[in-house]
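# Tertiary structure, described
Single-letter residue listing:
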Amino acid sequence: MENLSLHELGLLRGAAEGHDTRYFGSLFALDHHAYRLLGAHLIAEVEAGARRDDNCQFYEATAAGRAFCAAHLSGLEAGAGGRANAWHEHPQLAAAARALGRLLEEAEHPAGPAAASGAIG
């Protein structure tokens, strides 16, 4: 089976919808999936004790994260919920997970002038 960024997409989608843990069955792995989204500046940590008008407890979507969701998840039918690890069977969610995986990979390994020339830093 293809390795999709389903958990990362679940966290990002939940944060953009105002409920960061909505698509997770267990919170034990939440931070493990968050570090890549934090590095790509798609989510930010919720400040401890911050008063909020949504149900985000740990992470909130940034403007870039909300823009990604708008671009890749708009028009998603209401029944496309459940746990993120089951989304590989849904065409739009799988495509969004592929796009997110590429974006996260680019954020982790940016291709700049040094990468293009083969230079080692």
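Above this text you will find the structure in question.
Residues numbered from 1 in each chain as written. Predicted model: local features only at pLDDT ≥ 70, side-chain atom pairs only at ≥ 80, totals over all residues. Heavy atoms only, no water.

Before going further, it helps to spend a moment on helix 3 (residues 63–73). Of all the positions in helix 3, only Gly65, Phe68, Cys69 and Leu73 are classed as buried. The buried side chains of helix 3 occupy one side of the element, clustering within an arc of 95 degrees when seen end-on. In helix 3, those exposed residues whose orientation departs by more than 90 degrees from the buried face are Ala63 and Ala71. On its buried side, helix 3 packs onto helix 1 (6–16) and helix 4 (91–108). Backbone geometry just after helix 3 places Gly75 at a positive phi near 80 degrees. (Buried < 20%, exposed > 50% of the residue type's maximum accessible area, 1.4 Å probe, protein only. Helix = DSSP H or I, 4+ residues; strand = E, 2+ residues; numbered from the N terminus. Arc of directions from axis to C-beta. Contact = heavy atoms within 4.5 Å.)

A word on helix 1. Since the α-helix advances by 3.6 residues per turn, residues separated by three or four positions end up pointing in the same direction. Most of helix 1 is tucked away, with nine of its 11 residues classed as buried. All buried positions along helix 1 are accounted for by Leu6, Glu8, Leu9, Gly10, Leu11, Leu12, Arg13, Gly14 and Ala15. Here the buried face of helix 1 lies against helix 2 (30–39), strand 1 (43–45), strand 2 (59–61), helix 3 and helix 4. Looking at the residues trailing helix 1, positive phi occurs at Gly18, about 90 degrees.

As for its position among the elements, Asp20 is in the loop between helix 1 and helix 2. Here Asp20 sits buried without a salt bridge, and the closest side chain of opposite charge, Arg52, lies 7.3 Å off (N-O distance). A distance of 2.6 Å separates the side chain of Asp20 from the backbone nitrogen of Phe58, its partner in a polar contact. (Lys, Arg positive; Asp, Glu negative; His and termini not counted. Salt bridge = Lys/Arg side-chain N within 4 Å of Asp/Glu carboxyl O. Polar contact = N/O pair within 3.5 Å; in protein donor to acceptor, adjacent residues only side chain to side chain.)

Turning our attention to the packing of helix 3 against helix 4. Following both chains from N to C, one finds helix 3 and helix 4 inclined at 140 degrees, their axes separated by 10 Å at the closest point. With respect to helix 4, the axis of helix 3 lies oblique. For helix 3 against helix 4, the interelement crossing comes out right-handed. Across the interface between the two elements, Phe68, His72 and Leu73 from helix 3 touch Gln92, Leu93, Ala96, Ala99, Leu100 and Leu103 from helix 4. For the contact of helix 3 with helix 4, a count of residues per class yields seven nonpolar, two polar and no charged. (Axes fitted to C-alpha atoms, helices over the stretch in contact; angles between N-to-C directions. Parallel < 35°, antiparallel > 145°, perpendicular 65-115°, else oblique. Left-handed = near helix turned anticlockwise from the far one by under 90°. Nonpolar A, V, L, I, M, F, W, Y, C, P; charged D, E, K, R; others polar.)

On to the nonpolar core, then. Ranked by size, the top nonpolar core spans 30 residues in total, and within it Leu9, Leu11, Leu12, Leu37, Ile43 and Leu100 carry the most contacts. Those elements that provide at least two residues to this core are helix 1, helix 2, strand 2, helix 3 and helix 4. Looking at this core element by element, the count peaks at seven residues for helix 4. Ignoring any residue separated from it by four or fewer positions in sequence, one finds Leu37 in contact with Glu8, Leu11, Leu12, Leu42, Ile43, Leu100 and Leu104. (Core = buried A, V, L, I, M, F, W, Y, C linked by side-chain atoms within 4.5 Å.)

To describe a pair of aromatic rings, you give the distance between the ring centres and the angle between the ring planes. In the structure shown here, the tally under the stated rule is one aromatic pair. A centroid spacing of 5.0 Å and a plane angle of 65 degrees characterise the contact between Tyr23 and Trp87, whose relative ring orientation is edge-to-face. Note that Tyr23 is positioned in the loop between helix 1 and helix 2 and Trp87 in the loop between helix 3 and helix 4, a separation of 64 residues in sequence. The pair Tyr23 / Trp87 is uniform in exposure class, with both members buried. (Phe/Tyr/Trp six-rings, centres within 6.5 Å; stacked < 30°, edge-to-face > 60°.)

Okay, unusual backbone geometry next. Here His41, not a glycine, exhibits a phi torsion of approximately 60 degrees, which is positive. Its relative accessible area of 58% is what places His41 among the exposed residues.

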